[in-house]
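A structural walkthrough
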Amino acid sequence: MARYIPITGIDCKIPCLLIDSEAPLDVLHGTAAYRLRCVTQLMETLALVDGKGHDALLLQDLARVSATVLRDSCDLMDVIGWKLQAQL
């Protein structure tokens with residue numbers, strides 16, 4: 001496994017947002033958990049909105065941000081899984 005793994009949400013030739021695969025498991029987990037909690041809070045807030053008069057572009061932007069943060073979390077969880085499998 002490479003030491004630095006680019007996050008999958010960025011499609012460019014030279015990635016600049018990377019996951020350090022040698023970071024401790026608790027750091028990787030904490031980072032993934034924080035992102036999941038952020039998206040959870042955003043979704044809970046949106047669930048309370050009555051839906052009247054909301055701009056479709058605003059909702060699209062919020063969905064894009066949520067998807068990006070969730071993708072980051074999945075990438076981090078993948079690295080955690082690989083590290084755990086390597087320990088077996």
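Just above, that's the structure.
Described in the following lines is the structure provided in the data block. Everything numeric here is computed off the predicted structure, so don't read it as measured data. (Residues numbered from 1 in each chain as written. Predicted model: local features only at pLDDT ≥ 70, side-chain atom pairs only at ≥ 80, totals over all residues. Heavy atoms only, no water.)

**Focus: the overall build of the chain**
Counting secondary structure elements, the chain contains two helices and two strands. For the chain, the succession of helices and strands along the chain, N to C, is β-β-α-α. In summary, the chain has a C-alpha radius of gyration of 16 Å against a globular reference of 12 Å for 88 residues, an excess of more than 25%. If one aligns the C-alpha atoms of the chain with their principal axes, the spans along those axes are about 50 × 30 × 15 Å. Sequence separation of 24 or more characterises 62% of the internal contacts of the chain that already satisfy a separation of 6 or more. Accessible surface computed for the chain: about 6,500 Å², of which carbon and sulfur atoms make up 62%. The positive charge centre, built from 8 side chains, and the negative charge centre, built from 11, are 2 Å apart in the chain. (Helix = DSSP H or I, 4+ residues; strand = E, 2+ residues; numbered from the N terminus. Rg over C-alpha atoms; globule rule 2.2 N^0.38 Å. Contact = heavy atoms within 4.5 Å. Areas by Shrake-Rupley, 256 points an atom, 1.4 Å probe, with all protein chains shown as cover. Lys, Arg positive; Asp, Glu negative; His and termini not counted. Charge placed at Lys NZ, Arg CZ, Asp CG, Glu CD.)

**Observations concerning the layout of surface pockets**
Empty space within the largest pocket amounts to approximately 160 Å³. Around the largest pocket, the lining residues are Ile 7, Leu 17, Leu 18, Ile 19, Asp 20, Ala 23, Val 27, Leu 28, Thr 31, Arg 35, Asp 72 and Leu 76. Of all the elements in the fold, those that place two or more residues in the lining of the largest pocket are β2 (18-20), α1 (25-47) and α2 (56-87). Partitioning the lining of the largest pocket into residue classes produces eight nonpolar, one polar and three charged. (1 Å grid on protein atoms, 1.4 Å probe; cavity = no way out; pocket = protein on both sides within 12 Å on 5 of 7 lines; lining within 4 Å. Points joined across faces, edges and corners; volume = space filled by probe spheres on them. Nonpolar A, V, L, I, M, F, W, Y, C, P; charged D, E, K, R; others polar.)

**Comments concerning the packing of α1 against α2**
How two helices pack is summed up by the angle between their axes together with the distance between the axes. Contact geometry for α1 and α2: axes closest at 9 Å, N-to-C directions at 155°. Between α1 and α2, the interaxial angle falls into the category roughly antiparallel. The crossing of α1 and α2 is left-handed. Among the residues forming the contact of α1 with α2, the class breakdown is 17 nonpolar, five polar and three charged. (Axes fitted to C-alpha atoms, helices over the stretch in contact; angles between N-to-C directions. Parallel < 35°, antiparallel > 145°, perpendicular 65-115°, else oblique. Left-handed = near helix turned anticlockwise from the far one by under 90°.)

**Overview of the pattern of salt bridges**
Going through the model one piece at a time under the given rule, you end up with four salt bridges. Of the charged contacts, one joins Arg 3 and Glu 22 as a salt bridge, the two residues approaching to 3.4 Å between their closest N and O atoms. Of the two residues, Arg 3 sits in the segment before β1 (4-6) while Glu 22 sits in the loop between β2 and α1, which places them 19 residues apart along the sequence. Note that Arg 64 is salt-bridged to Asp 61, the shortest N-O span being 3.0 Å. (Salt bridge = Lys/Arg side-chain N within 4 Å of Asp/Glu carboxyl O.)

**Points about α2**
Helix length check: α2, at 32 residues, gives a terminal C-alpha distance of 47 Å against a target of 46 Å (1.5 Å per residue), a fit within 8%. Restricting attention to buried positions, one finds in α2 the residues Ser 66, Asp 72, Ser 73, Asp 75, Leu 76, Val 79, Ile 80 and Lys 83. Buried positions along α2 lie against β1, β2 and α1. (Expected span 1.5 Å × (residues − 1). Buried < 20%, exposed > 50% of the residue type's maximum accessible area, 1.4 Å probe, protein only.)

**Comments concerning the side chain of Asp 72**
By secondary structure assignment, the location of Asp 72 is in helix α2. If near-sequence neighbours (up to four positions away) are discounted, Asp 72 is found in contact with Ile 7 and Arg 35.

**A look at α1**
Across its 23 residues, α1 extends 32 Å between first and last C-alpha, which sits within 8% of the 33 Å expected from 1.5 Å per residue. Every buried residue of α1 is accounted for by Leu 28, Ala 32, Ala 33 and Val 39.

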